[in-house]
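Topology and contacts: notes
What follows is the residue order along each chain.
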Amino acid sequence: VYHMKGTPPMAKKIMAYCLQRHAETADQRLQFILDGIRRISYDPVVLNQDGWTTKKSESAQGALGGAFLIGRRIIWQRYEALVIAFVRDEEFGCLWKAVWVEDLDTFDLEADELKDAMKKWDNKQAKLKRNQGSRSSGSSGSTRTFNKLFSVDGIENGIILAAPSNKASQGVMWPARVRHVVETSMTAAGTVRRNASKNLIQVVFLAPFWNGEVSSASKVAEVKDQYSLGPLFELDRIDATASNIQKYPFDSLSIEQLQSSFRFLGLPKAVFPRYLDSHRLAVALKSYAKTHIPKVYSHDDENASASASLTESHILSVKAPIYPQVVLNLPYDFILNKLPHPSEHATAASLSDGNSICEATINIDYIVRAMSPPECFGKSKNVDPVVSTALDTNTAILSPTREAKLSSETIDGLVNPNEEDTTWALGSFASNFLLDLFESNSNNNDLSSDGFAHIGQLILSLIAKLKQIASESDDGTKKRHSKTFLLQCIRVKGHGEETIGLCRAPIGIQKKTIVIEWRKTCERVYKRAIYVLSHKTVGNGITAVVTDSRCHGHVTANGAFERPVRIP
């Protein structure tokens, strides 16, 4: 398939990536191939290159609808599906490609088949509305038992995907925080209200995009886009049903996964920054609840149901965690404005080595600690390893150049604080990123990570050797050592790359980033060696480009001229 004529280029890239991924077993290799085949079947770039239209049209095209039906929900073979592409085929006529929501398997439908699938979906929705209407108009006892045991995985962390009641949201599933019954039903006297609906739960939507028009004009200059004008949180009451609530699927921020899921929402591209901010908040709150809020009813549905009956609320409101007020009142607007815009992730994509681009999670616990003594007085104290790891992760969001300052304690033999000539200091060749890496592992007894200190010693010995050769005044001596030293630079560079490949990189830093910085360091030493070991020969120091006598007969002769230039 890879070498067949007409295979889309993106499909070739996906197949090549699946075949070149490192697999531990044959079963894992087969799974990689199957995942690649499934990805090819619904990837928007592959479909566009294969002639499919993946963008929904503004109006119906012809009697059949054409691309206007993209995004339409259907039922095919008794399972829910979504139309994702349209094409006009010379043999079969109009075809629509759909994907099953449950397992992302794709299939093609002709016009008659699509019409039947849409009719099944409409009939199902009409039946659900009739059932809800009959229950709401029935006795109070039936209303009280309706959906009272409905629950969703991960509710103990408080974050879900919910469908807003606001029509401007276009019915998309958006990250939201479920409010605990204590937050929703407490009166000023501290008692629980008894007249609240038992089928509705209160949720707080995170960074919604549909409320931008209600914002004041003074905020326009501070936001990233027009969809970020509205309030960062919006309170809503929704019905606790499977059609309105889903499990929140992310534990970490993978930009590639977010972009893939965003494509199926049918929203404008300008909404994606707001979409990314909402998941930044959702993952941060979910991570905080996982590690810092005790779980009371996480696996005890019987006690949770009893508590819901006592408080006359829904079981989801009982299972939701109670976040501290200091966590809910943090300046999230300020924090999100300091995080990189989605367009800035292009830099990280070039360093990802084929892996998914992951962004660090906002560490809410560390922010709260920073507001407590002694940090609030500008004094630091020894933080625990978990917080220290989170700091290292957060500082390596996009760029390999971190703003972490070096400690006052220097690496033994790497930096001499009394050395006046900084020309030969290690900092003149290696970036702060590598110096920090050498320092953090110089006293580490872990053999898998001590290799970073080893390559630091290698580059230091290389610089010391070059400094010794440069101190020689005899040009003949420099000439004899030039070839040997330059070959040694190449050997040290290759040995360092192999050592980095065998080491365990710190959390939040990819090995390719370290390799790139290591290559830059070796190239600086190499260039310094070329400059130091060069010797005078004949000529006036100007390098000229020599061309043949037929140069002006070439295609580029018109408007071209020759002149001596200096080659760097």
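A short tour of the structure in this document, coming up. Per chain, residue numbering runs from 1 following the sequence as it is written. Per-residue local features of the predicted model are confined to residues with pLDDT of at least 70, and side-chain atom pairs are confined, for both listing and counting, to 80 or more; whole-chain, interface and lining totals are unaffected and use all residues. Only hydrogens and water are set aside when side-chain values are computed; all heavy atoms of the structure are taken into account.

With that settled, the discussion passes to the packing of helix α7 (residues 255-263) against helix α8 (residues 272-292). In contact at an axis separation of 11 Å, α7 and α8 are set at 125 degrees when each is read in the N-to-C sense. When the axes of α7 and α8 are compared, the pair comes out oblique. In the crossing of α7 with α8, the sense of the turn from one axis to the other is right-handed. The segment α7 lies against α8, with Ile255, Leu258, Gln259, Ser261 and Phe262 engaging Phe272, Tyr275, Leu276 and His279. Residue polarity is assigned by list, with Asp, Glu, Lys and Arg as charged and Ala, Val, Leu, Ile, Met, Phe, Trp, Tyr, Cys and Pro as nonpolar; anything else, Gly included, falls into the polar class. Tallied by class, the residues present in the contact of α7 with α8 amount to six nonpolar, three polar and no charged. Axis definition: a line fitted to C-alpha atoms, over the contacting stretch in the case of helices. Angles run 0 to 180 degrees between N-to-C directions. Where helices and strands are cited, they refer to DSSP runs of H or I of at least four residues and of E of at least two residues respectively, numbered from the N terminus. Oblique is the label for any angle not covered by the other classes, which are roughly parallel (under 35 degrees), roughly antiparallel (over 145) and roughly perpendicular (65 to 115). Crossing handedness follows the turn of the near helix against the far one: under a right angle anticlockwise gives a left-handed crossing, and clockwise gives a right-handed one. Whether two residues touch is decided by their heavy atoms; if any such pair falls within 4.5 Å, the residues are in contact.

What follows is about a negative patch on the surface. On the surface, Glu110, Asp112, Glu113 and Asp116 cluster together into a patch of negative charge. Within the secondary structure layout, Asp116 lies in helix α4 (residues 111-136). Think of it in three bands: residues with accessible area under 20% of the maximum for their type are buried, residues over 50% are exposed, and the middle band is partly exposed, with areas taken using a 1.4 Å probe on protein chains only. With relative accessibility at 44%, the residue Asp116 sits in the partly exposed group. Here a patch means residues that are over 30% exposed by relative accessible area and free of salt bridges, tied together within 9 Å if like-charged and within 5 Å if nonpolar (Val, Leu, Ile, Met, Phe, Trp, Tyr). What sets the accessible areas is the Shrake-Rupley method with a 1.4 Å probe; for residues, cover comes only from the shown protein chains. Whenever a carboxyl oxygen of Asp or Glu lies within 4 Å of a side-chain nitrogen of Lys or Arg, that contact is scored as a salt bridge. We score Asp and Glu as negative and Lys and Arg as positive, and we do not count His or the chain ends. To locate a charge, take atom NZ for lysine, CZ for arginine, CG for aspartate or CD for glutamate.

If DSSP finds at least two bridges between two strands, the strands pair. The five strands lie next to each other as β8-β7-β6-β5-β9, forming an open sheet whose pairing is antiparallel. The strands lining the two open edges of the sheet, one partner per strand, are β8 (233-239) and β9 (245-247). Taking the axes of each pair of neighbouring strands and ignoring which way they run, one obtains an average angle of 45 degrees across the sheet. Inspection of the sheet shows strand β7 (residues 200-206) paired to β8 by seven bridges, in the antiparallel sense. Residue pairing in the sheet places Phe205 in a bridge with Glu234 of β8. The strands that α8 touches are β5 (159-162), β6 (174-178), β7 and β8; relative to β6, the one it contacts most, it runs at about 35 degrees.

The next point concerns the side chain of Arg280. Position of Arg280 among the secondary structure elements: in helix α8. A 3.5 Å cut-off defines polar contacts: any pair of N or O atoms within that distance qualifies, except that in protein one atom must be a possible hydrogen donor and the other a possible acceptor, and neighbouring residues in sequence count only when both atoms are side-chain atoms. A polar atom in the side chain of Arg280 sits 2.7 Å from the side chain of Glu359.

Attention now goes to the packing of aromatic side chains. Aromatic ring pairs are defined here through the distance separating the ring centres and the angle between the ring planes. Think of it this way: a Phe, Tyr or Trp ring, Trp meaning its six-membered ring, pairs with another when their centres are within 6.5 Å, and the plane angle makes it stacked under 30 degrees, edge-to-face over 60, tilted otherwise. With the rule as written, the count across this model stands at 15 aromatic pairs. Seen from their ring centres, Tyr248 and Phe250 are 5.8 Å apart, and the 80 degrees between their planes marks the pair as edge-to-face. In terms of burial, Tyr248 and Phe250 fall into one category: buried. Here Phe272 and Tyr275 contribute two aromatic rings whose centre-to-centre distance is 6.2 Å and whose plane-to-plane angle is 35 degrees, an arrangement assigned as tilted. Remark: Tyr275 and Phe272 occur in helix α8; sequence separation between them is three residues, near one turn of the helix.

What follows is about the nonpolar core. Remark: nonpolar core denotes a set of buried residues (Ala, Val, Leu, Ile, Met, Phe, Trp, Tyr, Cys) joined through side-chain atoms within 4.5 Å. Counting residues in hydrophobic clusters, the biggest one holds 55 residues, and the most contacted among them are Ile160, Trp174, Ile245, Tyr332 and Ile364. At the level of secondary structure, the elements contributing two or more residues to this core comprise β5, β6, β7, α7, α8, α12 (332-338) and α14 (364-370). It is α8 that contributes the most residues to this core, ten residues altogether. When near neighbours in sequence (up to four residues on either side) are disregarded, Tyr332 contacts Leu232, Phe233, Leu281, Leu285, Val327 and Ile364. Ala430, Leu435, Leu462 and Ile509 belong to the second-largest nonpolar core, a separate cluster that totals 32 residues.

The next thing to look at is helix α19 (residues 511-533). Over its 23 residues, α19 runs 33 Å from end to end, which matches the ideal 33 Å to within 8%, given 1.5 Å per residue. Three or more residues of α19 are buried, namely Thr513, Ile514, Val515, Glu517, Trp518, Thr521, Cys522, Val525, Arg528, Ala529, Val532 and Leu533. Expected span of a helix: the number of residues minus one, times 1.5 Å.

Another point: the packing of helix α17 (residues 451-470) against α19. Close contact between α17 and α19 brings their axes to 10 Å; oriented N to C, the two are set at 10 degrees. In this view, α17 runs roughly parallel relative to α19, as classed from their interaxial angle. Within the contact between the two elements, α17 uses Phe452, Ile455, Ile459, Leu462, Ile463, Leu466, Ile469 and Ala470 and α19 uses Ile514, Trp518, Thr521, Cys522, Val525, Arg528, Ala529, Val532 and Leu533. Looking at the contact of α17 with α19, its residues break down into 15 nonpolar, one polar and one charged.

What follows covers α17. An ideal rise of 1.5 Å per residue puts 28 Å on 20 residues; α17 measures up with 29 Å between its terminal C-alpha atoms. Of all the positions in α17, only Gly451, Phe452, Ala453, Ile455, Gly456, Leu458, Ile459, Leu460, Leu462, Ile463, Leu466 and Ile469 are classed as buried.

A few words on the pattern of salt bridges. Per the stated rule, a full pass over the model turns up 16 salt bridges. The closest approach of N and O atoms between Asp105 and Arg38, which form a salt bridge, is 3.4 Å. With a gap of 67 residues between them, Asp105 in the loop between β3 (93-100) and β4 (106-109) and Arg38 in helix α2 (residues 26-42) connect regions that are remote in the sequence. Note on Asp105: relative accessible area 29%, which makes it partly exposed. For Arg38, a relative accessible area of 37% translates into the label partly exposed. With its nearest N and O atoms 2.9 Å apart, the salt bridge here joins Asp277 to Arg280. In this pair, Asp277 and Arg280 both sit in helix α8, three residues apart, roughly one turn of the helix. Taken as a pair, Asp277 and Arg280 share a single burial class, namely buried. Salt bridges sharing common partners tie together Arg39, Asp43 and Glu256.

What follows is about a nonpolar patch on the surface. Together, Leu30, Leu34 and Ile37 make up a nonpolar patch on the protein surface, roughly 280 Å² of accessible area in all. Along the polypeptide, Leu30 turns up in helix α2.

Here we come to unusual backbone geometry. Trans is the prevailing form of peptide bonds, just as negative phi is the prevailing case for residues other than glycine. With phi around 55 degrees, Gln77 is a residue other than glycine that occupies positive phi space. By the secondary structure assignment, Gln77 is in the loop between β1 (73-76) and β2 (79-89). Taking the relative accessible area as the measure of exposure, Gln77 reaches 51% and is therefore exposed. You will see that Ala207, though not glycine, has its phi angle at about 50 degrees, which is positive.

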